[in-house]
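One letter stands for each residue in the lines below.
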Amino acid sequence: MASEVQKLDAAIAASNQNAYQTAFQFLQGRRGQKAANEIIKRAVWRSRRRVAAAVDYVPSDKTTDEVCRALDTDLAGWELAPAVHAVGALIAGYPERFGQTVLTTNFDPLLEVSIARAGSPHFRTVLHRDGNLSQTEGDGCHVIHLHGYWHGSDTLHTARQLNQPRPRLKASLAYLIKGKTLVVSGYGGWDDTFTEALMDVVNDDTAYPEIIWTFNSEQPELSENLSRKLAPGLDRGRVTLYSGIDCHDFFPKLQQAWNSLEPPLAPRYTPSYSHRMRFLVGEMPQETVVTSMVPKSRRTKVLEGNEEDRPPLIEFCVGREHELAKLAASDEKICFIHGLGGQGKSTLAAQYFSNVQKSEKFDLVVWRDCKEEDERLEAHIVRIIERLSNGLVLGKDIANNKIDVLTEILIHHAREQCILFVFDNIDHYIDLEGHRLAGVADAFLEKFLRLQSNCKIVFTCRPLIQYSDLPILSLKLEGLGLPAAIELFSNRGGQLPARGN
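Let me sum up the structure you'll find in this document. (Residues numbered from 1 in each chain as written. Predicted model: local features only at pLDDT ≥ 70, side-chain atom pairs only at ≥ 80, totals over all residues. Heavy atoms only, no water.)

### Focus: the packing of helix H2 (residues 19–31) against helix H3 (residues 33–45)
As a reminder of what qualifies: Inter-axis angles, ranging from 0 to 180 degrees, are taken between N-to-C directions of lines fitted to C-alpha atoms, where helices are fitted over the stretch in contact. Working definition: helices are DSSP H or I runs of at least four residues, strands are E runs of at least two. Numbering for both runs from the N terminus. Angles are sorted into four bins: roughly parallel if under 35 degrees, roughly antiparallel if over 145, roughly perpendicular if 65 to 115, and oblique for all others. In this analysis, two residues are considered to be in contact whenever any of their non-hydrogen atoms come within 4.5 Å of each other. Residue polarity follows a fixed list, in which Ala, Val, Leu, Ile, Met, Phe, Trp, Tyr, Cys and Pro are nonpolar, Asp, Glu, Lys and Arg are charged, and the others, Gly among them, are polar.
Between H2 and H3, the shortest axis-to-axis distance is 7 Å and the interhelical angle comes to 130 degrees. The angle between H2 and H3 falls in the class oblique. Contacts between H2 and H3 involve Tyr 20, Phe 24, Leu 27, Gln 28 and Arg 31 from the former and Gln 33, Ala 35, Ala 36, Ile 39 and Ile 40 from the latter. Split into classes, the residues belonging to the contact of H2 with H3 amount to seven nonpolar, two polar and one charged.

Here's what the structure looks like:
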């Protein structure tokens with residue numbers, strides 16, 4: 001009679017799917033999902049640092065979730081590969097550029113450990129069935145385990161598990177990816193919900209993702225199925241394939257490059273001892289110090305919109321120190337930045353937007369670009385409400401309400417949060433003769449000022465704005481003075497002519 005190992009080898013040889021999935025399907029058919037979860041628990045344990053007294057300890061189905069959860073916070077007890085260490089440092093040091101959200105099909109806590117070691121907060125979503133990603137919220141990077149976790153959930157391996165219908169997850173993934181730059185690394189493109197959501201976005205002509213897919217091999221190695229699915233994105237130029245990318249070499253180099261371009265943010269958390277856990281290995285106790293992360297300060301979060309609803313990249317902002325100081329010190333709930341085109345209104349607003357993210361003044365900052373005349377202000381507010389409510393309020397359900405009702409809904413979902421809203425380029429909402437907002441924008445402003453909230457709005461526009469009857473700060477931008485112009489010219493690499501020329 002053939003041994004179970006021989007039967008497994010025969011099953012793998014006869015299968016038309018990859019060996020990993022076939023092996024787990026073989027295991028589950030004989031031992032069930034519990035055995036699969038235990039194997040993953042043991043595999044993850046191998047990422048723990050070897051300690052002499054605990055070298056023989058192996059977690060089992062009797063190891064409780066509480067023990068595993070405590071080990072998650074034992075930051076010093078995990079071995080981190082160079083790529084994982086660098087990714088955590090990039091997320092912590094440059095949170096606006098790297099890793100507002102990280103999707104992983106791994107079961108281990110190493111990404112979270114790396115982020116925490118670098119001094120940044122994170123929160124986790126674990127999914128082994130259907131679910132909506134917007135139902136989870138917290139401070140810092142959102143780490144999403146798409147195929148389960150090493151404790152407290154099942155782990156997904158087989159084709160049947162990965163292809164189970166997950167419509168809510170698929171919809172929330174598509175929403176998350178839409179309009180973003182997505183880097184796919186160390187992932188071969190499983191036939192799962194993530195790949196389906198990715199293809200839906202790629203095939204949507206109204207979506208504009210940028211997908212960078214990396215391969216370690218000298219040439220991109222795509223399965224026939226994945227190649228067929230990626231074809232529309234490749235045709236549109238929305239999917240770019242890179243070969244020869246060794247994660248353990250590339251990500252540390254990327255971290256070094258960013259450190260040379262811009263200093264990383266200072267750590268926001270410091271480890272502090274909380275309690276000790278004791279493992280009994282034979283008669284010899286092994287103590288593991290379990291750390292907890294104590295926050296140093298809260299950090300402002302950015303509620304992102306579409307690709308166009310983001311502040312301009314600030315190369316240089318000079319000569320506006322006085323205006324930035326007035327914005328920072330103002331108690332007014334409404335501020336206008338106005339002036340002729342090219343004076344730097346959006347740059348000033350973007351610099352203020354960036355500055356407050358490093359302070360504790362606001363919990364959340366929101367940027368919306370209103371330059372398109374066919375994009376109504378009401379539509380911007382509806383989308384903001386959708387995001388603030390974490391999908392509990394759908395745009396289609398409230399879109400037909402008048403602006404005063406939408407404003408009430410907005411403030412209701414803002415609740416006790418301190419939120420900065422920036423509405424850039426609102427020129428077509430200005431009454432040029434009255435030097436005030438007009439129509440729905442005026443009604444929005446009036447209602448906003450009457451409602452109790454901890455929110456602040458900054459508008460930018462070209463026309464002159466004058467309010468004498470409302471508590472509003474109005475900043476008119478003039479041209480730069482000579483010292484600021486020289487500084488700007490110098491920053492851009494220009495050279496002043498020698499005297500006498």
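### Topic: the sheet that holds strand S1 (residues 101–104)
Quick reminder of the rule: Pairing between strands is defined by DSSP: at least two bridges between them are needed.
Spatial ordering of the open sheet is given by S1-S3-S2, a layout of three strands whose pairing is parallel. Lying at the two open borders of the sheet, with one neighbouring strand each, are S1 and strand S2 (122–126). Sheet twist, expressed as the average angle between the axes of neighbouring strands with direction ignored, equals 20 degrees. Sheet topology places S2 next to strand S3 (residues 141–145); five bridges connect them, and they run parallel. Following the sheet pairing, Val 126 is matched in S3 by His 145.

### Brief notes about the packing of helix H1 (residues 4–14) against H2
Keep this limit in mind: Left-handed describes a crossing in which the near helix is turned anticlockwise from the far one by less than a right angle; the clockwise case is right-handed.
Remark: H1 packs on H2, axes separated minimally by 9 Å, with the N-to-C direction vectors making an angle of 135 degrees. Between H1 and H2, the angle is such that the two are oblique. Read as a crossing pair, H1 and H2 show a hand that is right-handed. When H1 is examined against H2, the residues Glu 4, Lys 7, Leu 8, Ala 11 and Ile 12 are found in contact with a partner set consisting of Ala 19, Thr 22, Ala 23, Phe 26 and Arg 30. Of the residues contributing to the contact of H1 with H2, the split by class is six nonpolar, one polar and three charged.

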